[in-house]
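# Structural features, examined
Here are the chains, one letter per residue:
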Amino acid sequence: MRTSDQVLIASASVLLLCACLGAQENNRVSKDLALTPPMGWNSWNKFACSVSEDMIRSMADAMVKSGMKDAGYQYVNVDDCWQVSRDVSGNIVADPQRFPHGMKAVGDYIHSLGLKFGVYSDAGSKTCAGRPGGLGHEYQDAIQYAAWGVDYLKYDWCNTTTQDAKASYANMRAALDASGRAIVLSICEWGTAKPWLWGKEVGGNLWRTTGDISDKWAGQAKWPDGSCCSNGMLAILDQQVGLQSYAGPGHWNDPDMLEVGNGGMSDTEYRAHFSLWAILAAPLIAGNDLRNMRSEVRDILTNREVIAVDQDPLGREGERVWRNGDLELWAKPLRDGSRAVVLLNRGSAEQEVTARWEDLGYPDHVSASVHDLWQHKDLGKFNGKFSAQVASHGIVMVMVTP
Ligand code: GLA
C-alpha cells in the first residue's frame, strides 16, 4: 500500500471513530440529565451507615413538608450500607432488616411524592464501608437499579486496586444507558485521577473534586489509615480554584455534599458554605436531618435567590476573582449578564470587603444595581465598586446588574 493511501485510511478511521463517539454521546438515554446542578438530599453526612427504609421515607416526606421540594430539591439518595450481599445469581441484595420491603418500594414511595430516587455503589470489589461493590456486576446492577426506578447513582472508588478510573466509570455509564433508564451518574473518585479532565467524556454528570467534606469551617485531617484527607469547608473551596472551565450544563464539578445544619459550624458559616457552593454551581445535596431542622437552617437551604444563582441556566461555574489575606471575592456570571458575587471574610474579626467592577469583568465607569441575596433587598446603584462590612467567617452575597 502507498503511504498516501495509508494516511488516507488512517484519517478516515479517526473520522469514523470521532463520528461514532459523537453519535454515542447524542444517543445516550442520559444526554439531557442534570442540565443544572442536581439538588437533593443524601444520607451519608448525617447518618453514615444507619440507613433504613423508614428513615428514607420520612426524609422524603420532610423534603416536601419543609418546602425544600418547592425550592427545587428533587433527589432522595441512599448512600452506603443499604446492601449486604449478592444472591446465588449475583444479584445485589438489600439489607432485609433495614429495607424489609425492598428498594423498589422505597423508590415507588419517593416517586409518589414527585421526587427522584438515588442509590450508591462502588466501582471496586467493595464499597468504602465494606459492602459488595459493583466490579464485574455493572450491567447486572444497572438492570436492577432501572427495575427499582433508580434515577441517580453515586459510584464510589474504594477497593479498586489497579482499575483505571476513566475506563471504570465509562463502563458504568454504558451499563446504565444499556438499562434504558436515564440515570444521573455521580462520579465519586475524590479527584485523584483528575475526573474533571474526562468526566464529561465518559458521561459523568458530576464528579467529586476532593476527599470528603467534614462539618467544620477550615482545615484538613488525615484518615485513620494515614491517607489524605477529610476537609473543612474552606479546604474544599480552595481546591476548586482553576477547575471552573470544566463545569457546564450536564457535567459539574462536585465539591461534595452540604453540611448545612449538621451542627459543626455556626449559622453564619453555613450561610457562607451555601453561598459559596451556589457560586461554584455545585450540586446542592443537603446532608442534614430534614425532619427536625431549625428554621434558620431551613431558611438557608431554601433561600431561593441563592438557589437561583446555583441553578442559573447559563451553567457557568464561578471563580475567585480577588483575594487579599483573609478577604476574598468570588463571582459567577449569570445568563442575563449580571454577576452573583460573594464577599468572603475568612478572618476572625469583622472587616470591610470591596468588590471592584474591574474584578467582576465590568468597566469601572459603569453604574450597576446591587441586590442583597440574604437580606432580599435592593441596595441601590453603585459606580465602579461596592463595599460592605463582612462578619468574621461570614459572607455578603449580592447580585450586581449593570
Ligand atoms: C466515601 C465517599 C463518601 C461516602 C462514603 C460511604 O468516603 O467519598 O461521600 O459515600 O464513602 O462509605
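Here we summarise the structure given alongside this text. (Residues numbered from 1 in each chain as written. Predicted model: local features only at pLDDT ≥ 70, side-chain atom pairs only at ≥ 80, totals over all residues. Heavy atoms only, no water.)

## Some remarks on the pattern of salt bridges
- Using the criterion set out here, one finds 17 salt bridges in the structure.
- For Asp 289, the salt bridge identified is with Arg 291, shortest N-O distance 2.9 Å.
- On the accessibility criterion, Asp 289 (12% relative accessible area) is buried.
- On the basis of relative accessibility, which here comes to 39%, the residue Arg 291 falls in the partly exposed class.
- Arg 294 is the salt-bridge partner of Glu 296, the closest N and O atoms lying 3.5 Å from each other.
- Since its relative accessible area comes to 37%, Glu 296 is described here as partly exposed.
- Among the charged side chains, a network of salt bridges with common partners joins Asp 238, Arg 320, Arg 323, Glu 328 and Arg 346. (Salt bridge = Lys/Arg side-chain N within 4 Å of Asp/Glu carboxyl O. Buried < 20%, exposed > 50% of the residue type's maximum accessible area, 1.4 Å probe, protein only.)

## A few points about the nonpolar core
- Judged by nonpolar contacts, the single largest core of 85 residues is most densely connected at Trp 41, Tyr 73, Trp 82, Phe 274, Trp 277, Leu 301 and Met 397.
- Among the elements that take part in this core, helix α9 (residues 267-279) stands out by supplying seven residues, more than any other.
- Setting aside residues up to four positions removed in sequence, Trp 277 forms contacts with Ile 213, Met 233, Ile 236, Pro 255, Asp 256, Leu 258, Ala 282, Pro 283, Leu 284 and Asp 310. (Core = buried A, V, L, I, M, F, W, Y, C linked by side-chain atoms within 4.5 Å. Helix = DSSP H or I, 4+ residues; strand = E, 2+ residues; numbered from the N terminus. Contact = heavy atoms within 4.5 Å.)

## Let's talk about the sheet that holds strand β1 (residues 39-42)
- Across the sheet, which stays open at both edges, the eight strands sit in the order β11-β8-β7-β6-β5-β2-β1-β12 with parallel pairing between neighbours. Among the strands making up the open sheet, the edge pair consists of β11 (252-254) and β12 (284-286). Within this sheet the neighbouring strands show an average axis-to-axis angle of 25°, counted without direction.
- Judged from the three bridges that link them, β1 and strand β2 (residues 75-77) form a sheet pairing that is parallel. (Pairing = 2+ DSSP bridges. Axes fitted to C-alpha atoms, helices over the stretch in contact; angles between N-to-C directions.)

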